[in-house]
Amino acid sequence: MIVAKEPIAVAGPWVTEREIQYVTEAARTAWFKDHYVFNARFEKAFAEYIGVKHAVSLPHCTAAIHLSLAAGGVGPGDEVIVPDVTWIASVAPVIYVGATPVFADIKRDTWCIDPASVEAAITERTKAIIGVDLYGSMADWAELRRIADAHGLLLIEDAAESLGSEYAGRKAGALGDTGVFSFHGSKTVTTGEGGMLVTNDDHLHTRVMTLRDHGRPPGDKLFLNAEVGFKYKMSAFQAAFGLAQIERVEELVARKREIFSWYRNALEGVNGITLNAEPMGTVNSYWMVTVIPDPTYGMDKFALMEAFRERNIDTRPFFSPLSSLPAFADRPESSAHMPEHPAGEAIAKFGVNLPSGYHMTPELVQFVTDALRQILKA
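(A) Layout of the environment of leucine 69. Take leucine 69: it is sitting in helix α3 (residues 61-71). The class for leucine 69 is buried, based on a relative accessible area of 0%. Taking C-alpha positions, leucine 69 is 9.6 Å from leucine 155, a pair spaced 86 residues apart along the chain.

Put into structure tokens, the structure is as follows:
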């Protein structure tokens, strides 16, 4: 059995002197009247990259989803259709605002929410749809937009994992009424922790700016809160780091795509495995290289992860269906419209994220893929 001499991490950032320089400058200067200078620069550069009017820097992506729902008027008694297979942060804010999450199945190729399953789940209580661009793949945004418009629904694009991906020539995050991003330490662009909300809708932007600062309208200096809101702001240090990263975004996305190409080439000829898809008309930024072995190998994701762990290789499990989690065990209404045999169930049972951080080299990728071949052969 081959074993790595040093642990191979599943994720990791790419930090240069530019990030260090900007954060140092922020520590020296981002105070008093200049306290928001780096945030404003980061937001402007980010909005220009995505191709939208407004960008709002936030402490995390969960806050961006929460603000999207609250600004869109979603609340108690409403339903929000969400993918059954995603990270829980995509769905938890639905509960924060008092609404009911309604699970929809995912597609077999992109692993993103299935528009047909969305349409089947719409009721008179449906108020919004959250589509998630999972692991860098793009959802079918033309169909989701059609459905949302036909029923007068808020459409939120969770692009937390897809910065740099594209759909029909448009950047991920620009395809919903709002788009939301994560800058967690594992993400393509990172600020350690952090998030961004983007939108072309002036009304939603104004509501977000008020709600994120304890219900104070932008520019208020008198602490005359118009309503009870939230405290969702990003620090100047995070914004400075993020500015340096977004200035390098093309380089970062290109490296992610290069890492995926190393895996694809190294796994050529291995039967019975599926990797991330890139359908025609899309660009996949491949945040996490993901492999789904055929069930005939007889290994679920946890067994596969354990086999990698024995070889000193860190991996992550494909997100489990939310409907299967203890957190949603007391919410059977959320699964009321799920098909009897969901596509997401089989995908989530076997999928594993392989090491995909910027520390990866062709040699490390070869080691990981040799280990995968050995595991599957055994």
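(B) Broad picture of the packing of helix α1 (residues 17-29) against helix α8 (residues 236-246). Contact pair α1 / α8: the axes reach a minimum separation of 8 Å and the direction vectors enclose 150°. Relative to α8, α1 is oriented roughly antiparallel. The chirality of how α1 crosses α8 is right-handed. Contacts from Arg18, Glu19, Tyr22, Val23, Ala26 and Ala27 in α1 reach Ala236, Phe237, Ala240, Phe241, Leu243, Ala244 and Gln245 in α8. A breakdown of the residues in the contact of α1 with α8 according to their chemical character gives ten nonpolar, one polar and two charged.

(C) Structural detail: the sheet that holds strand β12 (residues 290-293). Reading across from one edge, β10-β12-β14-β13 is the order of the four strands in this open sheet, with antiparallel pairing throughout. Only two strands of the sheet have a single partner each, and these edge strands are β10 (273-275) and β13 (316-317). With two bridges connecting them, β13 and strand β14 (residues 352-353) associate as antiparallel partners. Bridge pairing links arginine 316 to asparagine 353 in β14.

(D) Region of interest: the pattern of salt bridges. Taken as a whole and assessed by the stated rule, the structure comprises 20 salt bridges. With a closest N to O distance of 3.6 Å, lysine 233 and aspartate 213 form a salt bridge. With lysine 233 in the loop between α7 (202-211) and α8 and aspartate 213 in the loop between α7 and α8, the pair connects residues that are 20 residues apart, well separated along the chain. Judged by relative accessible area, which is 34%, lysine 233 ranks as partly exposed. Exposure remark for aspartate 213: the relative accessible area of 11% places this residue in the buried category. Here arginine 248 ties to glutamate 251 by a salt bridge, and the two come within 3.0 Å at their closest N and O atoms.

(E) A look at the pairing of strand β1 (residues 54-58). Where burial is concerned, most of β1 is hidden: five out of the five residues are buried. Judged by which residues are buried, β1 turns out to be covered on both faces: His54, Val56 and Leu58 on one side and Ala55 and Ser57 on the other are all buried.

(F) Representation of the packing of aromatic side chains. Applying the stated rule across the entire model yields 16 aromatic pairs. Here the aromatic rings of phenylalanine 46 and phenylalanine 183 are separated by 5.6 Å at their centres, their planes lie at 75°, and the arrangement is edge-to-face. In this pair, phenylalanine 46 is assigned in helix α2 (residues 37-50) and phenylalanine 183 in the loop between β8 (178-182) and β9 (195-199), connecting sequence segments 137 residues apart. Relative to phenylalanine 318, the ring of tryptophan 111 lies with its centre 5.3 Å away and its plane at 80°, an arrangement referred to as edge-to-face. Here phenylalanine 318 lies in the loop between β13 and α11 (343-350) and tryptophan 111 lies in the loop between β3 (100-104) and α5 (115-120), a separation of 207 residues in the sequence. Side by side, tryptophan 111 and phenylalanine 318 carry an identical accessibility label, which is buried. Ring-pair connections join several aromatic residues into one group, and the members of that group are Trp87, Trp111, Tyr135, Trp287, Phe318 and Phe319. The ring of tryptophan 14 has arginine 248 sitting right over it, with the charged end atom 4.7 Å from the ring centre.

(G) Representation of the sheet that holds strand β5 (residues 154-158). Sheet architecture is open: seven strands sit in the order β1-β9-β8-β5-β4-β2-β3, paired in mixed fashion. At either margin of the open sheet sits one strand with a lone partner, and together these are β1 and β3. With direction set aside, neighbouring strand axes in the sheet form an average angle of 20°. Bridge count between strand β4 (residues 126-132) and β5: five bridges; the pairing is parallel. If you follow valine 132 over to β5, its bridge partner there is aspartate 158.

(H) Fine view of the nonpolar core. Phe42, Phe46, Ile50, Leu69, Val80, Phe181 and Phe318 are the most contacted members of the largest nonpolar core, which has 97 residues in total. The biggest single contributor to this core is α3, with eight residues. Leaving out residues up to four positions away in the same chain, leucine 69 has contacts with Val74, Val80, Pro93, Val94, Val97, Ala128, Leu154 and Ile156. The next biggest cluster of nonpolar side chains, apart from the first, holds 28 residues, and it includes Trp262, Val270, Val291 and Leu354.

Cut-offs used in this document
Residues numbered from 1 in each chain as written. Predicted model: local features only at pLDDT ≥ 70, side-chain atom pairs only at ≥ 80, totals over all residues. Heavy atoms only, no water. Helix = DSSP H or I, 4+ residues; strand = E, 2+ residues; numbered from the N terminus. Buried < 20%, exposed > 50% of the residue type's maximum accessible area, 1.4 Å probe, protein only. Axes fitted to C-alpha atoms, helices over the stretch in contact; angles between N-to-C directions. Parallel < 35°, antiparallel > 145°, perpendicular 65-115°, else oblique. Left-handed = near helix turned anticlockwise from the far one by under 90°. Contact = heavy atoms within 4.5 Å. Nonpolar A, V, L, I, M, F, W, Y, C, P; charged D, E, K, R; others polar. Pairing = 2+ DSSP bridges. Salt bridge = Lys/Arg side-chain N within 4 Å of Asp/Glu carboxyl O. Phe/Tyr/Trp six-rings, centres within 6.5 Å; stacked < 30°, edge-to-face > 60°. Lys NZ or Arg CZ within 6 Å of the ring centre and 35° of its normal. Core = buried A, V, L, I, M, F, W, Y, C linked by side-chain atoms within 4.5 Å.

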